[in-house]
Amino acid sequence: MMDGKKLWNDRLYQEVRKMRRYLRYMLNDHLLFILLIGIGLGAVAYHRWVQTLPPHFPYPIIAALIFSFVLTFGSLRTLFQEADIVFLLPSETKLRPYIQRAFLLSFLLQGYGLLLVWLAIAPLHRKFSDVSLWLLFFLLLVLKGWNLFISWKGNYFIEPLAHRLSMVARFGVNALFVYFLLVPASVLFLLALCAIIAGITVYLVQATKRKGWKWERLIEQETSAVRTFYRIANLFTDVPQWKEEAKRRRWLDFLVSMIPYHPKNTFLYLYARTFIRSGGYLGLYIRLIAIGLLFLYIVPSEYGKIAASLFFLYITGFQLFALIDHHRTNLLIRLYPLPNDVRKQALCRLLFFLLMVQNIVFSLFLFLLYAGWIWGASWMAGAVFSYWLLFHYLSKRCKREGKI
C-alpha cells in the first residue's frame, strides 16, 4: 500500500543530502565573508538613500509591483521524478499526504523569500506608510498561500492559455490588494478583492473535482527547479547531474568574429563561445552589471561608490572564473597541441576584457551621475584591480588547486 508520508520523507532526505553536498562549495567561508561585507555596506547605503527620498515618492505603487512579483511567481516543489509518471500514476488518489507536505515545504521556502523582500522594503514602509508592518507581512503570507494553492490547482489543466491567464489574474489581484492596503483607500475595495479571491478559489475547486493531475507538467516544473539549482552550483564546482543547454544567440556572433584566427587563440575562441551560449554565464554577467549600477546609484559616499564598483568586479570575476571547469570532462580539448598554460591565459584574457567592459559601464554611469573626478578614479582602480584579480590571485589559486 502506498504511504505518501514515508515517500515524501525519503524524497526530502535525498534532496537535502544532495543539496548539502553542493552548498559546501557555494557557501564557502571566503565568499561568505565578501558577501557579508557587501550586504552590510549595501544596507547602510540603502538606509541613507531612503532618508533622501522626497515625500511624493510613489512607494505604494513600487511596493505593490515588487510584492506582486514575489507573490505570483513560484510553484510547488513536488520532488517528483520522471519515472513517477509510470509508477505513481495508479496511486494518485493516495498521495494526498505527500502533496500536503510538498505544499508546506514550498510555503516555508517561498515565505522565507517573502520575508527577505519584506525586510528590504521595511525602511521605505516606515517612512511612507502608516499601515502596521506586521499586519502587512501577515496579509502577504496569506496571499502567498492563496497563490500557491491556485498555482497547484492550475496543474489540473493542460492548456497553456489557462496558466497564462491565471498568472495575469493573480498578479493583478495581488498588486491591487497591496496597493489599496497601503494607500488610504476605502475598505470596500479590499472587500471587493476578497470576494474576487473567494470566487476564483471556489471556481477552481469545483472545476478540478473530477480532473487528474497533469503529470508531464508537474515533472517539468520540478525538473526546471532542479536545473536552476544545478546551474548555480555549477558555477562553483562540477555537477554531474547538470544537463547543459546551449543557446545559439546568433546576434552576438560579431563578438567572436573579432578574435584573430590563430592557433594561440584556440581556447580564447572556445571560452568566448562558451560564455555566450552555455551555462547561463551571459545572463549572470548582465545581472551583476545591473545590480552593480543600482548599488552605485544608492551608495551616497564617493569612496563608497568606488568600493561598490570593485566589489562587483570581484564577484563577476570570481563567478565567471568557473569557466575554467566548464570543459573539464571533455577529453577532446586535451588533444589540442597546445601547452596547458595557454588555456588559463586565454580565460584570463577573456575575463579581463569582460571586467574592463563592466568597469567602463560603471565609470560612464558615475560620469553621468556626477561628472567629477570619481569616475576616472573608479576606472583606474577597477582596471588595476581586475588585472590583479585575474592574472595574479585567481590564476595562482587555479594552479594551486590543480585545475590546469
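The structure displayed is predicted, hence computed values, not measured ones. (Residues numbered from 1 in each chain as written. Predicted model: local features only at pLDDT ≥ 70, side-chain atom pairs only at ≥ 80, totals over all residues. Heavy atoms only, no water.)

Colleague: Requested: an account of a nonpolar patch on the surface, with residues and values cited.
Modeller: Taken together, the side chains of Ile 360, Leu 364, Trp 379, Met 380 and Val 384 present a nonpolar region at the surface, about 470 Å² in accessible area. In terms of residue count, helix α15 (residues 374-400) provides more of the nonpolar patch than any other element does, three residues in total. (Patch = residues over 30% accessible without salt bridge, like charges linked within 9 Å, V, L, I, M, F, W, Y side chains within 5 Å. Areas by Shrake-Rupley, 256 points an atom, 1.4 Å probe, with all protein chains shown as cover. Salt bridge = Lys/Arg side-chain N within 4 Å of Asp/Glu carboxyl O. Helix = DSSP H or I, 4+ residues; strand = E, 2+ residues; numbered from the N terminus.)

Colleague: Let's hear about the nonpolar core: which residues, and what values?
Modeller: Ranked by size, the top nonpolar core spans 100 residues in total, and within it Tyr 59, Phe 80, Leu 136, Trp 213 and Phe 275 carry the most contacts. The dominant element in this core, judged by the number of residues it contributes, is helix α14 (residues 340-369), at 10 residues. The two domains that each donate at least three residues to this core are domain 1 (4-234) and domain 2 (250-401). Leave out the neighbours within four places in its chain, and Tyr 59 touches Ile 121, Leu 124, His 125, Phe 128, Ser 129, Leu 136 and Leu 182. Listed in part, the five residues of the second largest apolar core include Tyr 22, Val 226, Tyr 230 and Ala 233. (Core = buried A, V, L, I, M, F, W, Y, C linked by side-chain atoms within 4.5 Å. Buried < 20%, exposed > 50% of the residue type's maximum accessible area, 1.4 Å probe, protein only. Domains from an automatic or database assignment. Contact = heavy atoms within 4.5 Å.)

Colleague: Give a description of helix α9 (residues 215-233) that names residues and reports values.
Modeller: In a regular helix each residue adds 1.5 Å, so 19 residues correspond to 27 Å; α9 covers 27 Å between its end C-alpha atoms and thus fits that length. Trp 215, Leu 218, Ile 219, Gln 221, Glu 222, Val 226, Phe 229, Tyr 230 and Ala 233 are the residues of α9 that are buried. (Expected span 1.5 Å × (residues − 1).)

Colleague: Residue-level account of the packing of helix α3 (residues 59-72) against helix α6 (residues 133-153), with values.
Modeller: It is the contact of α3 with α6, at a shortest axis distance of 9 Å, that shows an interaxial angle of 40 degrees. Between α3 and α6, the interaxial angle falls into the category oblique. Between α3 and α6 lies a crossing whose hand is right-handed. Here Tyr 59, Phe 67, Val 70, Leu 71 and Thr 72 of α3 come into contact with α6, specifically with Leu 136, Leu 140, Leu 143, Lys 144 and Asn 147. When the residues that make up the contact of α3 with α6 are grouped by side-chain class, the tally is seven nonpolar, two polar and one charged. (Axes fitted to C-alpha atoms, helices over the stretch in contact; angles between N-to-C directions. Parallel < 35°, antiparallel > 145°, perpendicular 65-115°, else oblique. Left-handed = near helix turned anticlockwise from the far one by under 90°. Nonpolar A, V, L, I, M, F, W, Y, C, P; charged D, E, K, R; others polar.)

Colleague: Account for the packing of aromatic side chains, naming residues and giving values.
Modeller: One pass over the full model with this rule turns up 23 aromatic pairs. Here the aromatic rings of Tyr 59 and Phe 128 are separated by 6.3 Å at their centres, their planes lie at 20 degrees, and the arrangement is stacked. Separated by 69 residues along the polypeptide, Tyr 59 in helix α3 and Phe 128 in helix α5 (residues 96-128) bring together distant segments of the chain. In this structure Tyr 59 comes out as buried when scored by relative accessible area, which is 1%. Ring geometry for Phe 69 versus Phe 73: centroids 4.7 Å apart, planes at 45 degrees, classification tilted. On the basis of relative accessible area, Phe 69 is assigned to the exposed category, the value being 51%. (Phe/Tyr/Trp six-rings, centres within 6.5 Å; stacked < 30°, edge-to-face > 60°.)

Colleague: Describe a positive patch on the surface, and please don't skip the residues or the numbers.
Modeller: Together, Arg 17, Arg 20, Arg 21 and Arg 24 make up a region of like positive charge exposed at the surface. Secondary-structure assignment places Arg 21 in helix α1 (residues 4-26). For Arg 21, a relative accessible area of 39% gives the class partly exposed. (Lys, Arg positive; Asp, Glu negative; His and termini not counted. Charge placed at Lys NZ, Arg CZ, Asp CG, Glu CD.)

Colleague: Could you give an account of the pattern of salt bridges, naming the residues involved and the relevant values?
Modeller: Scanning the entire structure with this criterion turns up five salt bridges. Close ionic contact of Lys 6 with Asp 10 constitutes a salt bridge, the shortest N to O distance being 3.2 Å. In this pair, Lys 6 and Asp 10 are both assigned in helix α1, four residues apart and thus about one turn of the helix distant. Overall, the relative accessible area of 48% leaves Lys 6 in the partly exposed class. Residue Glu 15 pairs with Lys 18 through a salt bridge whose shortest N-O separation is 3.3 Å. Of this pair, Glu 15 and Lys 18 both sit in helix α1, separated by three residues, roughly a single helical turn. Several salt bridges share partner residues, and in doing so they unite Glu 15, Lys 18, Arg 77 and Glu 222 into one network.

Colleague: Explain the packing of helix α12 (residues 281-298) against helix α13 (residues 302-320) residue by residue, including any values.
Modeller: Close contact between α12 and α13 brings their axes to 9 Å; oriented N to C, the two are set at 170 degrees. Overall, the two elements α12 and α13 adopt an arrangement that is roughly antiparallel. Seen from α12, the contacting residues are Tyr 281, Leu 284, Tyr 285, Leu 288, Ile 291, Gly 292, Phe 295, Leu 296 and Tyr 297; seen from α13, they are Lys 305, Ala 308, Ser 309, Phe 312, Ile 315, Thr 316, Gln 319 and Leu 320. Grouping the amino acids of the contact of α12 with α13 by side-chain chemistry returns 12 nonpolar, four polar and one charged.

Colleague: Which residues make up the environment of Leu 88, and what values go with them?
Modeller: Relative to the helices and strands, Leu 88 is located in the loop between α4 (84-87) and α5. Of the residues examined, Leu 88 reaches a relative accessible area of 5% and is grouped as buried. Separated by 127 residues in the primary sequence, Leu 88 and Trp 215 have C-alpha atoms spaced 9.7 Å apart.

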